[in-house]
Amino acid sequence: MEELVKQIDAIYAEFKKDAEAQMVKGNKAAGLRARKAALTITGLMKEFRKVSNEATKA
């Protein structure tokens, strides 16, 4: 679970950087990267929920 949280943190950092570049500079490519990162984060959060529930049951 610890590795999963580190992975989520790393992708969120990329998302934040790209989202800010789109908002501040109007960088369209950064917006595309931010949207892709958001989808990746969504999948990882679902995986975290699954792992967290299993850890609670153990």
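Data block above holds the structure.
Everything in this summary refers to the structure shown in the same document. Here the structure is a predicted model, which is why all the values come from computation and not from measurement.

Some thoughts on the overall build of the protein
Here is step 1 of the chain: From N to C terminus, the protein includes two helices and zero strands.
Here is step 2 of the chain: Taking 10 Å as the expected radius of gyration for a compact globule of 58 residues, we find that the protein reaches 14 Å, considerably beyond that expectation.
Here is step 3 of the chain: Counting only C-alpha atoms and orienting by the principal axes, one finds that the protein spans roughly 50 × 15 × 10 Å.
Here is step 4 of the chain: Counting all 58 residues of the protein, 21% fall into the buried class.
Here is step 5 of the chain: A separation threshold of at least 6 residues defines the contact pool for the protein, and within that pool the share at least 24 residues apart is 59%.
Here is step 6 of the chain: About 4700 Å² of surface is accessible on the protein, with carbon and sulfur atoms providing 57% of the total.
Here is step 7 of the chain: Across the protein, the centroid of the 12 positively charged side chains sits 8 Å from that of the 8 negatively charged ones.

Thoughts on the packing of aromatic side chains
Here is step 1 of the chain: Inspection of the entire model under this criterion finds one aromatic pair.
Here is step 2 of the chain: Between Tyr12 and Phe15, the ring centres sit 5.8 Å apart and the planes meet at 35°, which makes this aromatic pair tilted. Separated by three residues within a single helix, Tyr12 and Phe15 lie in helix H1 (residues 2-25), roughly one turn from each other.
Here is step 3 of the chain: The partly exposed category is assigned to Tyr12, whose relative accessible area is 44%.
Here is step 4 of the chain: On the basis of relative accessibility, which here comes to 25%, the residue Phe15 falls in the partly exposed class.

Quick notes on the nonpolar core
Soluble globular proteins tend to pack their nonpolar side chains together in the buried interior.
Here is step 1 of the chain: Grouped together as the largest cluster of nonpolar side chains are six residues: Leu4, Ile8, Ile11, Ala37, Ile41 and Leu44.
Here is step 2 of the chain: Those elements that place two or more of their residues in this core are H1 and helix H2 (28-57).
Here is step 3 of the chain: Dropping the residues within four chain positions of it, Ile11 is found in contact with Ala37, Thr40, Ile41 and Leu44.

A look at the pattern of salt bridges
Here is step 1 of the chain: Applying the stated criterion across every chain yields a total of two salt bridges.
Here is step 2 of the chain: A salt bridge links Lys6 to Glu2; the nearest nitrogen and oxygen atoms lie 3.6 Å apart. Remark: Glu2 and Lys6 occur in helix H1; sequence separation between them is four residues, near one turn of the helix.
Here is step 3 of the chain: The exposure class assigned to Glu2 is exposed, which follows from its relative accessible area of 58%.

Procedures and definitions
Residues numbered from 1 in each chain as written. Predicted model: local features only at pLDDT ≥ 70, side-chain atom pairs only at ≥ 80, totals over all residues. Heavy atoms only, no water. Helix = DSSP H or I, 4+ residues; strand = E, 2+ residues; numbered from the N terminus. Rg over C-alpha atoms; globule rule 2.2 N^0.38 Å. Buried < 20%, exposed > 50% of the residue type's maximum accessible area, 1.4 Å probe, protein only. Contact = heavy atoms within 4.5 Å. Areas by Shrake-Rupley, 256 points an atom, 1.4 Å probe, with all protein chains shown as cover. Lys, Arg positive; Asp, Glu negative; His and termini not counted. Charge placed at Lys NZ, Arg CZ, Asp CG, Glu CD. Phe/Tyr/Trp six-rings, centres within 6.5 Å; stacked < 30°, edge-to-face > 60°. Core = buried A, V, L, I, M, F, W, Y, C linked by side-chain atoms within 4.5 Å. Salt bridge = Lys/Arg side-chain N within 4 Å of Asp/Glu carboxyl O.

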